[in-house]
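Structure at a glance
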Amino acid sequence: MFVISNLSKFNLNKSVSKRLISTRAMFSSKSDFKVFATQPIPTEAELILKSNNIELIINQKTPLDRRDLLEKVKGIDGLFCTLNEKIDNQVIEACGPNLKVIGTCSVGYDHINLDECRKRNIQVGYTPGVLTDASAELAVGLLLNTSRRISEAIAAAKSGEWADWKIMWMCGRGLAGSNVGIFGLGRIGLAVANRLKNFQVNKIIYHNRKPSEEASKHGYEYVDLDTLLENSDFLIVACSATKETEKFFNTEKFKKMKPSSIFVNISRGSVVNQKDLCSALKDGLIAAAGLDVTTPEPLPLDHELFKLKNCYITPHICSAEVNTRVKMAVITASNIVNAFHKKPLLHQID
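Here is a short report on the structure shown in this document. Just so it is clear, the structure is predicted and the values come from calculations on it, not from any experiment.

It is worth spelling out the sheet that holds strand 1 (residues 33-37) at this point. With parallel pairing, five strands are arranged side by side in an open sheet as 2-1-3-4-5. The sheet is open, and its two edges are formed by strand 2 (54-58) and strand 5 (123-125), each paired on a single side. With direction set aside, neighbouring strand axes in the sheet form an average angle of 15 degrees. Against the sheet, helix 2 (residues 43-50) makes contact with strand 2 and strand 3 (78-81), and its axis sits at roughly 145 degrees relative to strand 2, the strand it touches most. Contacting strand 1, strand 2, strand 3, strand 4 (101-104) and strand 5, helix 13 (residues 322-340) crosses the sheet at an angle of about 170 degrees to strand 4.

Structural data, given as C-alpha cells:
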C-alpha cells in the first residue's frame, strides 16, 4: 500500500515519476476502487492513484457538461474535481452509495455541498498552503500591471500608438512612498505584504477580524475598515469567501476610497459587487482595478468590465505555476488514496 503522509519528501520532478512507477510493480492488476477525474491531471498525480489499485477514469473533454458529469460519476468510490464543477446533492446522489471521498484540486471548497457530505460520511480533501507563493506573486504582478498600465502599454506598442515621446503618455502610479492596504492578512495576504515591502512603500496596513501577531513582527499596522479604505493607495483583497464577505466591496466602500486608489482582488469574485465596481471605475470613485477572480467564471466576453480601459482582468491564474499545480494535484490524489486506506488525509475539511 502506497500512502503519502508527508508531501515534503517529494521534489515533484522526474524523480517523483520514477519513484511512483517503481511502486506500481508492488500491486496486483486488480482494481480495488474507482475514481473519476473531471479533467486531465498531471502524470505525478495519475501515477499515485494507479499505483494504489485504483481504476482511474479521466474526462478528456472540457468543459465537462453537467449531464455528462452526472452520468460518468455513477458507481465511483472517489471523485477528483476542481472549482469548475458544482458538487451538489444531485451529483453526490448520482455517485451512489460507494462514494467515500471527494478530493478537490483547490483551496476553495464552496462548490461542494459539505453538509450533504457530512450526512453521508464522505470525506472531503483540499489543497491549502501550497499555492501561497504563486498567489502572492500573481497579486504583485497584477498590481504592477494595473498601476503601471503594462498590458495597456504593450497593446499600444503593437497597435502603432507608440509615436514620439510625450511627457504624460502611459503614466501610471508607483509603489514607492505609497500606503498599501490588505483586506484579509492570512497566509496569502502576509506573503503579498512581505513582497511589497521591498518596493519602499510608506507603510503596509491591513484589516482582519483581529490583529495578527505575525504581521506585528513585520511592522504591518492593524487598522479599522474605514481607515483601511480611506488611507490605502493600493488595496489588495485576499480574504476568504464567506457569507459575511459576499458582495462586501460595494458602492459604499468604494466611496470611502481615494479617487487615485487601485483595487486588486485575488480572493473570490463573490466578495465584490461587480455592478458597483463598474460604476466606481466609470465615475472615478477609484482609479483602476485588477481582478484575477470574477463572478461568473469565465466572465462573458460582453461583460461591462471588459469594456473598461481601467480594469485589468486575468482568468483566475493565481495558482497557475507549474510546480504549484503539480503539488495541488499530488495532494488531491494523496487525499483520495489515504481515504481509501483509512489513513488521515493530508488536508481535510471537517
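Before going further, it helps to spend a moment on the nonpolar core. Within the largest apolar cluster, 28 residues are counted, with the highest numbers of intra-cluster contacts made by Val180 and Ile182. For this core, the elements supplying multiple residues, two or more each, are helix 6 (132-148), strand 6 (179-183), helix 8 (187-196), strand 7 (203-207), strand 9 (234-237) and strand 10 (262-265). Among the elements that make up this core, the one with the highest residue count is helix 6 (six residues). With residues near it in sequence (within four places) discarded, Ile182 still touches Gly189, Val192, Ala193, Ile204, Ile205, Tyr206, His207, Leu228, Leu235 and Ile236.

We now examine helix 8. Spacing of three or four residues puts side chains on the same side of an α-helix, whose turn is 3.6 residues. Taken residue by residue, helix 8 has Gly189, Leu190, Ala191, Val192, Ala193 and Leu196 as its buried positions. In this fold, the buried residues of helix 8 make contact with helix 6, strand 6, strand 7, helix 9 (213-217) and strand 9.

Before going further, it helps to examine the environment of Ile112. By secondary structure assignment, the location of Ile112 is in the loop between strand 4 and helix 5 (114-119). As a C-alpha pair, Ile112 and Asn338 span 226 residues in sequence and 20 Å in three-dimensional space. For Ile112, the residues in contact, after removing those within four places along its chain, are Ile87, Ile102, Thr104, Cys117 and Val124.

Now for helix 6. A rise of 1.5 Å per residue sets the reference length of helix 6, with its 17 residues, at 24 Å; its end C-alpha atoms lie 24 Å apart and thus fit the reference within 8%. In terms of burial, helix 6 is largely enclosed, as 12 of its 17 residues are buried. Among all positions of helix 6, only Thr132, Ala134, Ser135, Ala136, Leu138, Ala139, Val140, Leu142, Leu143, Asn145, Thr146 and Ser147 are buried. At the exit of helix 6 stands Arg149, carrying a positive phi of roughly 55 degrees.

Okay, the packing of aromatic side chains next. Applying the stated criterion to the full structure yields eight aromatic pairs. Ring geometry for Phe183 against Phe248: centres 5.1 Å apart, planes inclined by 25 degrees, an arrangement best described as stacked. Within this pair, whereas Phe183 is found in strand 6, its partner Phe248 is found in the loop between strand 9 and helix 11 (251-256), the two being separated by 65 residues in sequence. Across the pair, Phe248 and Phe183 agree in class, each one buried. Where Phe248 meets Phe249, the ring centres are 5.3 Å apart and the plane angle is 75 degrees; that geometry is what we call edge-to-face. We classify Phe249 as buried; its relative accessible area is 0%. Taken together, the aromatic side chains of Phe183, Phe248, Phe249, Phe254 and Phe263 make up a single cluster linked through ring pairs.

Definitions and cut-offs
- Residues numbered from 1 in each chain as written.
- Predicted model: local features only at pLDDT ≥ 70, side-chain atom pairs only at ≥ 80, totals over all residues.
- Heavy atoms only, no water.
- Pairing = 2+ DSSP bridges.
- Helix = DSSP H or I, 4+ residues; strand = E, 2+ residues; numbered from the N terminus.
- Axes fitted to C-alpha atoms, helices over the stretch in contact; angles between N-to-C directions.
- Contact = heavy atoms within 4.5 Å.
- Core = buried A, V, L, I, M, F, W, Y, C linked by side-chain atoms within 4.5 Å.
- Buried < 20%, exposed > 50% of the residue type's maximum accessible area, 1.4 Å probe, protein only.
- Expected span 1.5 Å × (residues − 1).
- Phe/Tyr/Trp six-rings, centres within 6.5 Å; stacked < 30°, edge-to-face > 60°.

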